[in-house]
Amino acid sequence: MESADGQRGRDSGSQRRSPLDVIMSQIRRKRTSSDRKPLGRLLSWTSDRTGIPEDGPTESREERGRSSAVAEGSESERDVGWGRVRVFLQRLGKKADSRSLSLAHCDLTATDLLELATLLPFLLQLEEVDVSWNELIGGCLKGLTSHLQHVRGIRALRLCSCRLGADDITALGEALECMPLLEILDLSWNSGVGAGGLQGLLGKLQPPLSELYLMACQLTAADATALGGMVSALDRLCVLDVSCNPQLTQEVDEGGFRELSSSLSQAASLTRLRLQACGLTADSLDALSGSLRCLPSVQELDLSCNKSLAGGLDRLTLHLAHLTHLESLDLHLCCLTHTDLEALIQVLPALTALTELDVSSNKSVGIMVHSLVSSLPLTQMRHLPLNSCSLNKESFTALALAVPYLRSVDVSWCKVVGGHLALLLDALQPSVITELRLSSCELTSDDLHHLAAVCRRGCLSSLRVLDLAYNGSVGDDGWSALFAAGGLGSLEDLDLSLRPQTSTSCSVWLPALLCALPQLPALTRLAVQRWTISSQDRQRLNHALRNRSILLEWDPPNEGKALSLKATNQERPEERCPEE
């Protein structure tokens, strides 16, 4: 608030005008508004940008004033709304992003969901929504879906593990017409989607949908029929993942999975088909094989963890040759028989685009590795895991033929590796391999010394994952030699854990690890469970990691649970199949 003296000073100043001021004021009064217009454009950049004269009739100035007030009010409302969005997300430990809304693992409640719905009008540019792993919102999804008309540009919607029920799926189906651009829909880990719940989406999915994920939804044979109807209407569908639905393939002869398989023949754009742990049998493969000739674009086929298809793989392999673009074939943990492998080996030469083949956790593979490797397009192979395959010395030697081309080597749970690791390591090409998994291989100290020599030569400079867990037979000198070698600058994940119910001191080699940590700038996870450590050494390790974002998995004193000093993500339900 101005003082009276200041006001009087300005008033007296305006009264004592110079003769020049009087003359200029008379000239201004005589000029028309059109005469002043160019001067207005010179003095006002805004007026020039909008094409509005600096001076004009009184009526137009009033109109401009009203429109400006409306615009300012609207802008103010948007600012306030965005502020509410930021406060809401900050409360949940998330950062505001106008295009992506990621609220997974936030323990959202029904009240939070309703508040989120009121914020959607301020997120008009939203393209991705992820509210997965919030089990408390099950049964309340309509509170959110009824407001989705405000964000019609959504392209990805993820609702994994939210305990959705049939009513939630129905509400979602009713809202799908408000999302005409939706390309990705993930409803995995919601058991309520199965047993008829999927009917709420029948005829509601929009044509642009390209990826559909329904893992572990307890889908039944009846759901397979409904899913078949959806697939036939989605001509742009590229990814279909219905893994971990063991009841999906029941009643093959009465429809269900056979109808789904038949519908797949119309999904000409399909590139990834995942049927892991779906209870596939030889009859299921019979129903599926007829559609393969109509799916030339398939690049990934996952049939893993289906133990009941053992002995019937030849019903599928006869048609695999039609998948000329197939890059990845997963058959791990399928109890493959010698006959199954022979049928597979016969078709492999026709799969000229293949880069990944997973036949791990199939014991019969151990005696057929040489024939398997000989039939593969080795120069383009990148992944050939053979963990839990009962390898013998001959098969281990045959694997060395493929190793120079692989990006990932996994021979875990193969005891023959112990004492013979040099054979595999000497076949590695420098700076090619990114994953080396040697868990439970009965490695010796000599194996670790050889691994250290390979590191010093720079052959593992691109390695990101090194799994040496469950190798308690390695001596302290072996661990120390590995850490002192260097050459692991790209390493992100290192696992040195011991077997459960075991315990050994790490005091001898821990100093070497502490010295190596500065040379491991990319490390994000270090697992050293069941190694015992003194309180002083524990403090030294904590000090070495104090400014590092590393997930440390260690057993606290007198406890059997792993300690996570800094966990970056919550664990999801176990997705891997149990070992054979």
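Check the entry above for the structure.
Summarised in this report is the structure supplied together with it.

**Description of the overall build of the chain**
Along its length, the chain carries 20 helices and 19 strands. Evaluated residue by residue, the chain yields a buried proportion of 47% over its 580 residues. Taking contacts inside the chain between residues at least 6 apart in sequence as the whole, the part at least 24 apart equals 82%. When the accessible surface of the chain is summed, it comes to about 27800 Å², and 49% of that surface belongs to carbon and sulfur atoms.

**Some points on unusual backbone geometry**
Even without a glycine there, the phi angle at Cys 335 is positive, about 55°. Here Cys 335 shows up in the loop between strand 9 (328-330) and helix 13 (338-347). Cys 335 sits in the partly exposed class, given a relative accessible area of 25%. Positioned with a positive phi, Ser 390 is a non-glycine residue whose angle comes to about 50°.

**Thoughts on the packing of aromatic side chains**
Under the criterion given, the structure shown has five aromatic pairs. With centroids separated by 5.5 Å and ring planes inclined at 45°, the aromatic side chains of Phe 483 and Trp 509 adopt a geometry described as tilted. In this pair, Phe 483 sits in helix 18 (residues 476-485) while Trp 509 sits in the loop between strand 15 (504-505) and helix 19 (510-516), placing the two residues 26 residues apart along the sequence. Pair check on accessibility: Phe 483 and Trp 509 agree, each one buried. Taking 5.0 Å as the distance between ring centres and 85° as the angle between the ring planes, the aromatic pair formed by Trp 509 and Trp 531 counts as edge-to-face. Highlighted residues: Trp 509 in the loop between strand 15 and helix 19 and Trp 531 in strand 17 (residues 531-532), separated in sequence by 22 residues.

**Structural notes on the side chain of Thr 249**
Structurally, Thr 249 can be placed in the loop between strand 6 (239-241) and helix 10 (257-264). In this structure the side chain of Thr 249 is engaged in a polar contact, spanning 2.8 Å, whose partner is the backbone oxygen of Gly 279. Dropping the residues within four chain positions of it, Thr 249 is found in contact with Phe 257, Cys 278, Gly 279, Leu 280 and Ser 284.

Procedures and definitions
Residues numbered from 1 in each chain as written. Predicted model: local features only at pLDDT ≥ 70, side-chain atom pairs only at ≥ 80, totals over all residues. Heavy atoms only, no water. Helix = DSSP H or I, 4+ residues; strand = E, 2+ residues; numbered from the N terminus. Buried < 20%, exposed > 50% of the residue type's maximum accessible area, 1.4 Å probe, protein only. Contact = heavy atoms within 4.5 Å. Areas by Shrake-Rupley, 256 points an atom, 1.4 Å probe, with all protein chains shown as cover. Phe/Tyr/Trp six-rings, centres within 6.5 Å; stacked < 30°, edge-to-face > 60°. Polar contact = N/O pair within 3.5 Å; in protein donor to acceptor, adjacent residues only side chain to side chain.

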